Every structure is written in C-alpha cells, then in structure tokens.
Amino acid sequence: MNCESLRDSYELFVFGTLEGPEREEIAAHLQRACPECSAGVNRARVLATNLGSIAPPVDAPGHLRAHIMRAVVQATPRMHSFWESIFWRMAFPVSAAAALTLLLVVFGLGREIGSLNLELKTLQKSAADSRKREQVLVSRANAYRAALALMSARESREVRFGPGLKPNKQPDGRVYLNPKGLVMIASNFPAPPKGRTYELWLLRKSTKGAEPAGVFDPDASGGAMHVLARNINVNDIAALAVSDEPPGGVQERTGAIVMVVPVTGMTR
Amino acid sequence: MTGVLLVFIVVAFAVAQAYGSSAGDSQARRELDRKEVAAIADGDQAALGRVYDRFHRLVFSLAMRVLGDRSAAEEVSQDVFLRLWHRAGDFDASRGDLMGWLVTVTRNRAIDTLRSRQHRESSAWTPMPESLDTAGWLATAPAATGIEAAERVGKMMASLAEQQRKIIELSYYAGYSQSEIAELLNLPLGTVKTWTRSALAALRDACR
Ligand SMILES: [Zn+2]
C-alpha cells in the first residue's frame with residue numbers, strides 16, 4: 001500500500017482501533033522510517049494528546065498523592081538493584097571471584113530475607129488490607145530462600161544468556177541448574193502480550209520433548225526471577241526455552257518462543 | 001447551542017488546568033519536563049511529586065472520562081505515575097513528550113480496564129507502545145501540543161454533529177473499532193467510516 005492510501009488511517013492507528021490490513025501496513029512503513037507516514041502518525045499523536053487533555057476536569061481524591069508516594073517508596077527497586085549490581089556487572093569466571101561473588105550473594109540475600117521478615121512482622125500487626133501484600137512478601141521471601149539454596153549448592157550449574165554487555169531489548173541473565181530445581185534471574189524481559197504470561201520449558205535430550213517448568217511475569221522494569229523447586233535431571237536438558245502462554249501455563253506450548261538458551265559451556 | 005457553549009467552557013477550563021502556568025511556552029515546558037524526568041530517573045521522589053502536582057488532574061480526568069468510576073480512575077492514575085517512576089530512565093528528551101506519554105499510558109490503562117470489565121475481546125484493540133523513548137517509529141520530534149491547539153480541538157469536538165462526536169468519543173475514549181461502533185450504534189459500517197473520516201479531517205485541521 002502506498003502512503004497516499006494510508007493517509008486517512010493514521011489517527012485510528014494511534015488510537016489503537018484501526019482494523020484491517022492498513023494497521024500492519026502503517027506499522028511496516030514506520031518500521032522502515034517512511035517520512036510521510038512518520039509525520040502523519042506524529043500529527044495524529046498530537047491530536048490524540050489534545051483529545052486526552054480536553055476530558056472534563058475532575059479533581060483527584062486528596063489521598064491519591066500520598067498513596068502514590070508511599071507506593072513509590074515501597075517499589076523503589078532495592079531488590080532489583082541488588083540483583084543487578086551483583087549479577088550483571090560481574091564477569092563471573094571460574095575462579096576465586098566466583099566464590100567471592102557467591103559469598104556476597106549469600107550475604108546480600110540473608111540481609112534481604114532479614115529485612116523481609118522484619119517487614120512481615122510489622123505487616124502482621126496491621127489491618128486486613130495488608131494481607132495481600134503479606135502473601136506477596138511471604139512467597140517472595142520463600143522464593144529468595146529457594147533461590148539462595150539452589151545458587152549456593154555445590155552441584156549447581158550456571159548457564160548464561162543474553163548479550164551481557166550493554167543492555168538492549170534482549171532478555172539477559174543466568175540460570176542455575178541443580179538436581180533439586182532451577183532458578184532463573186533475568187533482566188530486559190519485554191512485557192508479555194496482554195492477557196499472557198511467560199512459561200519456561202526444559203527441552204529434553206532423551207525424548208526431544210519440552211517439559212513445562214513453571215510460569216513467571218517480569219516486573220515493570222523487565223526484571224524476572226523464577227524458581228522451580230522440583231527434582232530435574234540436569235544432564236538430560238539440552239536447552240531452556242521461554243514462550244508466552246495463557247495465565248497459569250499449559251502442558252503443551254501454544255505461544256511464541258521468546259528465547260532459547262542452549263545448556264552447554266557450563267561455567268561452574 | 002447552550003450545550004455546545006457549556007462544553008466549550010468546560011474544555012477551556014480543562015485545558016488551562018492541564019497546561020498550568022507554562023501555557024503556551026512549549027519549549028520551556030519541554031525543558032522542565034526533561035529535567036524533572038531526569039531527576040525521577042535518579043530516584044528523586046520530590047521530582048515525582050512535582051510532576052504529580054502538575055499532571056494529576058490531566059491523568060485523573062482522562063481516566064474518569066474513560067471509566068466514569070472514581071476508584072478505578074484512582075487505580076489507573078496510581079499505575080501511570082508508578083510506571084513513570086520505573087521507566088523514567090528511558091526518557092529521551094529530544095523525542096519524548098512527557099504530556100503525550102502520560103496521556104497515552106493513562107488512556108491505554110483505562111481502556112484496558114474498561115474492556116476487561118465489559119469482557120470485550122477483540123483483536124482490533126492494539127494500543128500504542130508506551131516507551132518513553134519513541135525512537136524507531138517516530139522520525140520527527142512531536143509537534144507542540146499547545147493550549148491553543150487543544151482549545152481548538154475542544155471547540156471542534158463541540159461543533160461536530162452529534163453522531164460524529166459520538167463516534168470519535170467511542171473510538172478515542174472507549175477504544176472501540178469501526179465495526180464495533182457500527183454494531184453498537186446500529187449503523188452501516190460504511191457510514192461510520194465516512195463520518196469518522198470527515199470528523200478526523202476537521203479535528204486534524206484544528207490541530208494545525
Ligand atoms: Zn508511508
């Protein structure tokens with residue numbers, strides 16, 4: 001399709017309500033930086049912003065600001081920056097540095113668990129509406145405990161994936177494989193498609209089949225941690241894969257594969 | 001006629017609120033946005049508070065317009081500012097536009113909520129990417145979304161024929177596709193398309 005025939009569709013494209021082949025066509029034109037369509041979509045975005053700003057004014061409730069600031073304090077990525085600083089910046093060679101890193105991880109995790117427990121105690125005292133957050137914290141603390149055990153186990157194997165160097169849109173991180181389970185820690189995960197979640201798969205050498213290994217969702221900044229706490233035959237795993245699936249996961253893959261990590265070249 | 005006038009007054013008020021004291025000076029506004037977002041990316045909570053103070057009304061009003069429900073609008077607003085907190089590091093001042101981003105994310109979230117509440121499943125709803133850095137699919141910097149342009153758009157909306165305005169509202173504020181609108185208003189799809197096209201042409205002109 002030429003730009004001329006797409007001209008009337010830029011606004012609906014920006015509104016997200018365009019149907020038919022025009023939608024893919026405009027996306028393709030933008031992909032190749034078509035100057036006419038880029039300018040048209042750009043103008044449509046201005047209109048969309050203006051339409052958004054002329055909604056009849058309604059005062060937000062006074063408590064909303066405090067609510068948001070409190071949520072920000074709670075969501076400040078203590079946990080996340082901890083993971084990042086420990087994992088992403090380290091080369092992690094087979095050496096004393098690895099042992100030192102692990103020590104730091106163990107120490108850091110211990111502290112994290114300690115502070116989670118403290119937070120838990122405070123929460124337990126408070127009213128019923130904190131119950132939900134409490135559950136999240138409990139499961140998070142349990143997940144960290146499990147992750148800690150798997151990562152520090154002598155027989156665990158580490159598999160790295162992603163570009164490692166400067167961050168781009170590819171998921172990147174590490175998987176620790178252990179006969180008792182696995183833990184995956186990653187960043188740069190794109191949000192899964194609407195109404196979908198990510199599912200991890202173990203690709204078997206022996207059966208050439210894929211075995212579901214649990215579902216996970218990346219957080220708002222693309223960070224993800226997934227723990228599988230069940231016995232696995234590490235030597236029989238050819239690769240790990242991630243696909244998007246309906247909530248709760250499925251037994252047979254249905255969605256698109258987001259990444260595949262061959263299990264070779266163990267570094268520990 | 002009184003209705004149209006009333007709509008216009010309300011709109012003018014809303015626009016003035018949304019743009020605040022820096023009205024008209026889009027260059028200064030962008031520079032301020034750039035500084036504030038950089039501070040937020042550095043973890044400055046006070047900067048987030050200031051951005052909230054400037055834009056909460058814009059965000060909450062749009063969420064209310066879409067959802068018509070205070071507690072749902074509250075949830076959406078909280079989501080939007082938390083997302084800004086987490087994603088501020090992606091902001092590219094040369095391409096990004098904070099107000100445009102806030103409107104996009106607010107609208108996407110609110111319509112997502114609306115659709116799931118109505119159990120409306122359709123492949124037609126494909127919201128815009130929410131990255132603060134819109135590089136890659138925008139070759140040019142966003143044109144100024146000035147107070148005058150928004151006022152002209154509001155005025156134009158108020159002057160559209162009833163059915164035309166209804167169609168644009170369903171498309172923009174509720175995320176309905178053309179065929180969904182045809183079904184909802186019991187109109188032939190061709191009519192909906194024609195009216196949409198002429199209404200959008202008028203609104204496009206009003207933006208210039
Ligand atoms: Zn084009």
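So, here's what we can say about the structure.

**Concerning the packing of helix α4 (residues 35-53) of chain A against helix α5 (residues 98-117) of chain B**
- It is the contact of α4(A) with α5(B), at a shortest axis distance of 9 Å, that shows an interaxial angle of 70°. In terms of orientation, α4(A) lies roughly perpendicular with respect to α5(B). Both α4(A) and α5(B) take part in a crossing whose hand is left-handed. For the pair α4(A) and α5(B), contact is made by A48(A), T49(A), G52(A) and S53(A) and by M99(B), G100(B) and V103(B), respectively.
- Looking at the contact of α4(A) with α5(B) residue by residue, the class counts come to 3 nonpolar, 4 polar and no charged.

**What to know about empty space enclosed by the protein**
- This structure, assessed with the given rule, holds 3 cavities of 30 Å³ or more.
- In this structure, the largest cavity encloses a volume near 90 Å³.
- Taken together, V14(A), R45(A), A48(A), T49(A), V103(B), T104(B), R107(B), N108(B), M128(B) and Y172(B) make up the lining of the largest cavity.
- The greatest single-element share of the lining of the largest cavity, amounting to 4 residues, is contributed by α5(B).
- Grouping the constituent residues of the lining of the largest cavity by class yields 5 nonpolar, 3 polar and 2 charged.

**Remarks on the sheet that holds strand β7 (residues 237-245) of chain A**
Residue and element names in this part refer to chain A.
- Pairing is antiparallel in the open sheet, where 4 strands are placed in the order β5-β4-β7-β8. Each edge of the open sheet carries a strand with a single partner, namely β5 (210-216) and β8 (257-262). When strand polarity is set aside, the average angle formed by the axes of neighbouring strands in this sheet is 20°.
- Here strand β4 (residues 197-204) runs beside β7; their pairing, made up of 8 bridges, is antiparallel. Bridging across to β7, L200 finds its partner in V242.

**Things to note about the packing of aromatic side chains**
- The tally for this structure, following the rule as stated, stands at 6 aromatic pairs over all chains.
- Relative to Y172(B), the ring of F15(A) has its centre 5.2 Å away and its plane inclined at 75°; by these criteria the two rings are edge-to-face. Of this pair, F15(A) sits in helix α2 (residues 10-15) while Y172(B) sits in helix α7 (residues 162-174), each in a different chain. Comparing F15(A) with Y172(B) shows no difference in burial state: the two are buried.
- The interplanar angle of 75° and the centroid separation of 5.4 Å between the aromatic rings of F189(A) and F216(A) together place this pair among those described as edge-to-face. Linking F189(A) in the loop between β3 (181-187) and β4 with F216(A) in strand β5, this pair joins segments that are 27 residues apart in sequence. For the residue pair F189(A) and F216(A), the accessibility class agrees, reading buried in each case.
- Through successive ring pairs, a cluster of aromatic residues spans F15(A), Y172(B) and Y173(B).
- Across the ring face of Y172(B), the terminal group of R107(B) is positioned such that the distance to the ring centre comes to 4.5 Å.

**Comments concerning α4(A)**
- Between the first and last C-alpha of α4(A) there are 27 Å, a value that for 19 residues agrees with the 27 Å anticipated at 1.5 Å per step.
- When you tally the buried positions in α4(A), you get 15 out of 19 residues, the bulk of the element.

**Points about the pairing of β4(A)**
All names here are of chain A.
- β4 sits mainly inside the fold: 7 of its 8 residues count as buried.
- Here β4 runs beside β5; their pairing, made up of 5 bridges, is antiparallel. Of the residues in β5, the one forming a bridge with Y198 is F216.
- What sits between β4 and β5 in their antiparallel hairpin is a turn of 5 residues, with K208 showing a positive phi close to 60°.

Rules and cut-offs
- Residues numbered from 1 in each chain as written.
- Chains lettered and ligands numbered in written order.
- Predicted model: local features only at pLDDT ≥ 70, side-chain atom pairs only at ≥ 80, totals over all residues.
- Heavy atoms only, no water.
- Axes fitted to C-alpha atoms, helices over the stretch in contact; angles between N-to-C directions.
- Helix = DSSP H or I, 4+ residues; strand = E, 2+ residues; numbered from the N terminus.
- Parallel < 35°, antiparallel > 145°, perpendicular 65-115°, else oblique.
- Left-handed = near helix turned anticlockwise from the far one by under 90°.
- Contact = heavy atoms within 4.5 Å.
- Nonpolar A, V, L, I, M, F, W, Y, C, P; charged D, E, K, R; others polar.
- 1 Å grid on protein atoms, 1.4 Å probe; cavity = no way out; pocket = protein on both sides within 12 Å on 5 of 7 lines; lining within 4 Å.
- Points joined across faces, edges and corners; volume = space filled by probe spheres on them.
- Pairing = 2+ DSSP bridges.
- Phe/Tyr/Trp six-rings, centres within 6.5 Å; stacked < 30°, edge-to-face > 60°.
- Buried < 20%, exposed > 50% of the residue type's maximum accessible area, 1.4 Å probe, protein only.
- Lys NZ or Arg CZ within 6 Å of the ring centre and 35° of its normal.
- Expected span 1.5 Å × (residues − 1).

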